[in-house]
Amino acid sequence: MPRIVTLTTDFGSGSEYVAEMKARLLHARQPPTLVDIAHDIPAHDIRAAAWLVGQACFAFPAGALHIVVVDPGVGTSRRLVWARIGEQEFIAPDNGVLSWAIRRAGLREAREIALPPDAAATFHGRDVIAPAAVRLIDGALPESLGQSATNLEQLAWPEPRETLHGLEGEVIHVDAFGNLVTNLTAAAWPRVIAARAMQIGPHAVTTLVHTYGDATRGTPVALVGSQGFVEIAVVEGRADERLAAGIGTPVRLPAQEFRATTD
Amino acid sequence: MPRIVTLTTDFGSGSEYVAEMKARLLHARQPPTLVDIAHDIPAHDIRAAAWLVGQACFAFPAGALHIVVVDPGVGTSRRLVWARIGEQEFIAPDNGVLSWAIRRAGLREAREIALPPDAAATFHGRDVIAPAAVRLIDGALPESLGQSATNLEQLAWPEPRETLHGLEGEVIHVDAFGNLVTNLTAAAWPRVIAARAMQIGPHAVTTLVHTYGDATRGTPVALVGSQGFVEIAVVEGRADERLAAGIGTPVRLPAQEFRATTD
Amino acid sequence: MPRIVTLTTDFGSGSEYVAEMKARLLHARQPPTLVDIAHDIPAHDIRAAAWLVGQACFAFPAGALHIVVVDPGVGTSRRLVWARIGEQEFIAPDNGVLSWAIRRAGLREAREIALPPDAAATFHGRDVIAPAAVRLIDGALPESLGQSATNLEQLAWPEPRETLHGLEGEVIHVDAFGNLVTNLTAAAWPRVIAARAMQIGPHAVTTLVHTYGDATRGTPVALVGSQGFVEIAVVEGRADERLAAGIGTPVRLPAQEFRATTD
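Residues numbered from 1 in each chain as written. Chains lettered and ligands numbered in written order. Predicted model: local features only at pLDDT ≥ 70, side-chain atom pairs only at ≥ 80, totals over all residues. Heavy atoms only, no water.

## Looking at the pattern of salt bridges
Put simply, the rule reads: For this analysis, a salt bridge means a side-chain nitrogen from Lys or Arg found within 4 Å of a carboxyl oxygen belonging to Asp or Glu. In this description a helix means any DSSP run of H or I spanning at least four residues, a strand means any run of E spanning at least two, and both kinds are numbered starting from the N terminus.
Taken as a whole and judged by the stated rule, the model has 45 salt bridges over all chains. Close ionic contact of Arg79 of chain B with Asp94 of chain B constitutes a salt bridge, the shortest N to O distance being 2.7 Å. Note that Arg79 of chain B is positioned in the loop between β3 (65-69) and β4 (80-85) and Asp94 of chain B in the loop between β5 (88-93) and α3 (99-105), a separation of 15 residues in sequence. Each of the salt bridges in this network shares a partner with another, and the network as a whole consists of Arg3, Arg84, Glu89 and Glu109 of chain A.

## Considering the packing of aromatic side chains
We count it as follows: Here is the rule: rings of Phe, Tyr and Trp (six-membered ring for Trp) pair when centre to centre is within 6.5 Å. Planes less than 30 degrees apart are stacked, more than 60 are edge-to-face, and the remainder are tilted. Accessibility here uses a 1.4 Å probe with only protein chains present; expressed as a share of the type maximum, an area under 20% marks a residue as buried, one over 50% as exposed, and anything in between as partly exposed. The rule for a charge over a ring is simple: NZ of Lys or CZ of Arg within 6 Å of the ring centre, and within 35 degrees of the ring normal.
What the rule picks out here adds up to 21 aromatic pairs over all chains. For the ring pair Trp100 of chain A and Phe229 of chain A, a centre distance of 6.3 Å and an interplane angle of 40° mean the geometry is tilted. Within this pair, whereas Trp100 of chain A is found in helix α3 (residues 99-105), its partner Phe229 of chain A is found in strand β14 (residues 229-234), the two being separated by 129 residues in sequence. Overall, the relative accessible area of 6% leaves Trp100 of chain A in the buried class. A centroid spacing of 6.3 Å and a plane angle of 75° characterise the contact between Phe177 of chain A and Phe11 of chain B, whose relative ring orientation is edge-to-face. Highlighted residues: Phe177 of chain A in the loop between β8 (166-174) and β9 (180-185) and Phe11 of chain B in the loop between β1 (4-9) and α1 (16-25), drawn from two different chains. Here the two residues Phe177 of chain A and Phe11 of chain B agree in accessibility, since each one is buried. Aromatic rings pair up to connect Phe11, Tyr17 and Phe123 of chain A together with Phe177 of chain C into one cluster. Just above the ring of Trp157 of chain B sits the side chain of Arg47 of chain B; from NZ or CZ to the centre is 5.0 Å.

## A few points about the side chain of Thr182 of chain A
All names here are of chain A. For the record, the criterion: Any N or O atom pair separated by 3.5 Å or less is treated as a polar contact, with the protein-specific requirement of one donor-capable and one acceptor-capable atom, and with residues adjacent in sequence counted only for side-chain atom pairs. Pairs of residues are marked as contacts when any of their non-hydrogen atoms sit within 4.5 Å.
Within the element layout of this structure, Thr182 appears in strand β9. Owing to a relative accessible area of 0%, Thr182 belongs among the buried residues under this scheme. From its side chain, Thr182 meets the backbone nitrogen of Leu184 in a polar contact 3.1 Å long. A distance of 2.7 Å separates the side chain of Thr182 from the backbone oxygen of Val230, its partner in a polar contact. With residues near it in sequence (within four places) discarded, Thr182 still touches Glu170, Val171, Ile172, Met198, Phe229, Val230 and Val251.

## Topic: the relation of the copies chain C and chain B
Rules: We place the copies in one frame by least squares, fitting the C-alpha atoms of every residue whose pLDDT is at least 70 in both.
The two copies are related by a screw operation: chain C maps onto chain B through 120° of rotation and 0.0 Å of translation along the axis, at an RMSD of 0.0 Å. On this basis, the relationship between the two copies can be described by a three-fold rotation axis.

## A closer look at the packing of helix α2 (residues 46-56) of chain A against α1 of chain B
Under the convention used in this document: Only the stretch in contact is used when a helix axis is fitted, and all axes are lines through C-alpha atoms; the angle between N-to-C directions ranges over 0 to 180 degrees. For classification purposes, an angle smaller than 35 degrees is called roughly parallel, one larger than 145 roughly antiparallel, one from 65 to 115 roughly perpendicular, and anything else oblique. Handedness of a helix crossing follows the sense of rotation of the near helix relative to the far helix, less than a right angle counterclockwise being left-handed and clockwise being right-handed. In this classification, the charged set is Asp, Glu, Lys and Arg, the nonpolar set is Ala, Val, Leu, Ile, Met, Phe, Trp, Tyr, Cys and Pro, and all remaining amino acids, among them Gly, are polar.
Across the interface, α2 of chain A lies against α1 of chain B with an axial gap of 9 Å and an inter-helix angle of 30°. Between α2 of chain A and α1 of chain B, the crossing angle belongs to the class labelled roughly parallel. As for how α2 of chain A packs across α1 of chain B, the hand of that crossing is right-handed. Counting all contacts with α2 of chain A, which are made through Trp51, Leu52, Gln55 and Ala56 of chain A, the residues of α1 of chain B involved are Glu16, Ala19 and Glu20 of chain B. Partitioned by chemical class, the residues of the contact of α2 of chain A with α1 of chain B number four nonpolar, one polar and two charged.

Written out as structure tokens, the structure is:
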């Protein structure tokens with residue numbers, strides 16, 4: 001069965017760079033099934049790519065190969081790595097772009113990919129990553145790619161904190177609907193219920209729902225989203241615009257005494 | 001041969017939600033050939049999705065499976081359905097998104113898809129639709145998905161009307177070139193010819209052509225488009241901007257007496 | 001093994017026209033592997049499409065079939081052609097859209113595709129090109145498509161010129177990062193090094209690098225890009241915006257005497 005190979009880049013939709021990478025990947029003896037995850041990651045935004053890759057890649061069949069090229073340091077001393085994370089494989093620059101995936105599923109093994117001497121300094125996706133992927137698709141062992149790699153670059157991911165004012169977190173992702181995904185997990189939801197409200201920036205969201213359609217159009221709501229995080233949305237609207245919020249906007253649940261009322 | 005499965009959503013280009021659905025579809029024993037129809041449908045725009053699906057899906061080989069997820073009511077009481085329409089199969093929320101397809105090709109059979117107990121209330125595309133699709137791809141009969149479904153939701157599609165002022169229709173679609181597709185079919189074209197003009201909003205379009213390149217750049221023209229509808233375009237320009245028109249803009253052909261001159 | 005078929009159009013992302021073409025291509029007896037190159041070419045921009053196709057298509061395995069539909073003259077007297085260019089095959093309108101590819105790899109053979117009598121005048125991509133592609137995929141010989149075609153339309157591609165003021169070229173492409181690709185090839189790079197600068201519009205770029213990350217964020221740099229052309233970029237920024245430059249902006253290297261210093 002053809003290997004599944006996904007592609008996540010900041011090359012832009014309709015980019016010649018994406019085509020050049022696919023062209024090379026299709027030289028494998030058994031051409032892979034190519035799946036585009038995204039090519040419209042904001043240019044050079046390692047954090048956005050890291051989040052997307054961590055969220056999008058773990059539902060694929062075990063052994064899928066995920067290529068991630070958001071690489072402002074291309075051609076400099078940063079390494080290129082192959083990594084097995086959970087049951088999935090990845091090839092990416094070692095710049096933190098795998099760090100959300102590693103946090104979710106755990107790094108099991110990594111290799112530093114040796115650079116071919118004729119690689120263009122500005123396009124390792126085409127000249128190093130795609131050929132390495134083709135070797136793997138054709139049956140090469142990861143060990144053949146290069147030496148073992150440790151201490152992969154980790155981005156600092158904001159953790160919710162207990163403070164005198166309650167549990168404080170922040171928005172870590174805004175989806176295409178404008179829904180605000182926070183770093184509070186579903187485990188915090190009973191506390192939202194107990195508080196009957198959630199604070200986001202200067203706004204209190206008091207309509208707590210099971211799903212978007214449970215309130216009338218235009219209502220700001222809080223819910224547990226499909227990714228397992230507490231999310232703030234506006235029914236059939238855009239929460240990012242309505243609440244003037246985005247990545248980094250603080251969210252807060254009141255302090256612990258509220259919790260006692262439901263425990 | 002792998003089954004063809006198409007995807008039409010409002011999840012946005014490069015969305016993690018699209019990736020999550022594809023990931024699950026590729027778990028089928030014989031992974032399907034995935035075809036993206038569109039993921040940039042305006043958020044929650046059931047009508048736009050319905051039109052696109054009805055236009056785009058019937059040329060596929062018989063038996064293709066078309067997944068449509070534009071679903072503002074996700075997790076509420078609206079049903080999820082499998083439907084055989086013409087020679088094609090569809091899975092979608094029962095919110096009208098299949099109504100243009102049904103109008104074009106006729107509903108032959110439908111089933112209500114039973115909800116698994118652990119489905120996230122906010123993402124039935126991933127947790128209900130994709131698993132149901134995988135079951136079908138793996139050979140399950142549609143009957144196994146759930147009970148027979150009738151009375152699928154129908155959107156009201158505007159019909160041209162004969163009035164004292166002539167045949168009145170409206171723009172039902174604007175394509176990516178800015179061409180204005182009306183709800184007048186090719187059958188009305190002789191009447192446009194007879195009238196030597198077509199009214200759109202306050203503008204009279206008097207250059208009637210066979211194809212876009214038949215008039216000079218910048219000319220507003222009327223023609224029968226490739227979809228079988230009378231269309232108003234601007235040669236190598238955007239009719240929507242030039243004529244300040246969009247979905248719902250009225251169009252009109254003069255009353256019947258004009259017709260006699262050519263019949 | 002399935003044939004590789006790529007698609008490059010100006011139909012727009014998520015267009016029903018793209019879906020209709022794919023639907024027909026998948027009717028081949030052995031359905032091809034479809035690869036989207038781009039569908040967001042600016043509408044009617046033959047030059048942009050010609051550049052992209054010439055850059056993106058030659059890395060595919062030999063014998064891939066590249067379909068290009070940027071066709072403002074659809075339905076008029078312009079021909080539709082099949083062409084073998086280098087080791088690749090193309091089907092496109094004969095409007096110059098293949099001219100960059102021909103310049104890069106050389107035209108080896110071309111055929112004019114005969115029009116079926118029932119083709120919609122406004123959508124030859126669906127009604128002429130896709131069926132011709134299916135015939136080829138199914139094993140038909142190119143000769144069966146129509147008569148031999150010569151004198152394919154060539155766009156004038158700007159050539160660098162030696163003048164009293166030095167070597168003058170221009171920007172021929174802006175990529176999704178805002179990098180400015182010029183028509184000076186890597187062969188001109190020693191001269192940039194000798195001059196220690198490159199002029200673009202009113203700006204002198206004096207930081208010459210091996211790759212983007214070799215200078216600090218925000219610095220305008222010149223380098224040899226991955227496509228083999230001298231390129232001007234801004235590190236982790238957009239050169240097109242920062243230098244107010246775009247396709248056609250002149251670039252210049254000082255006159256010959258500078259060269260002597262390194263030769």
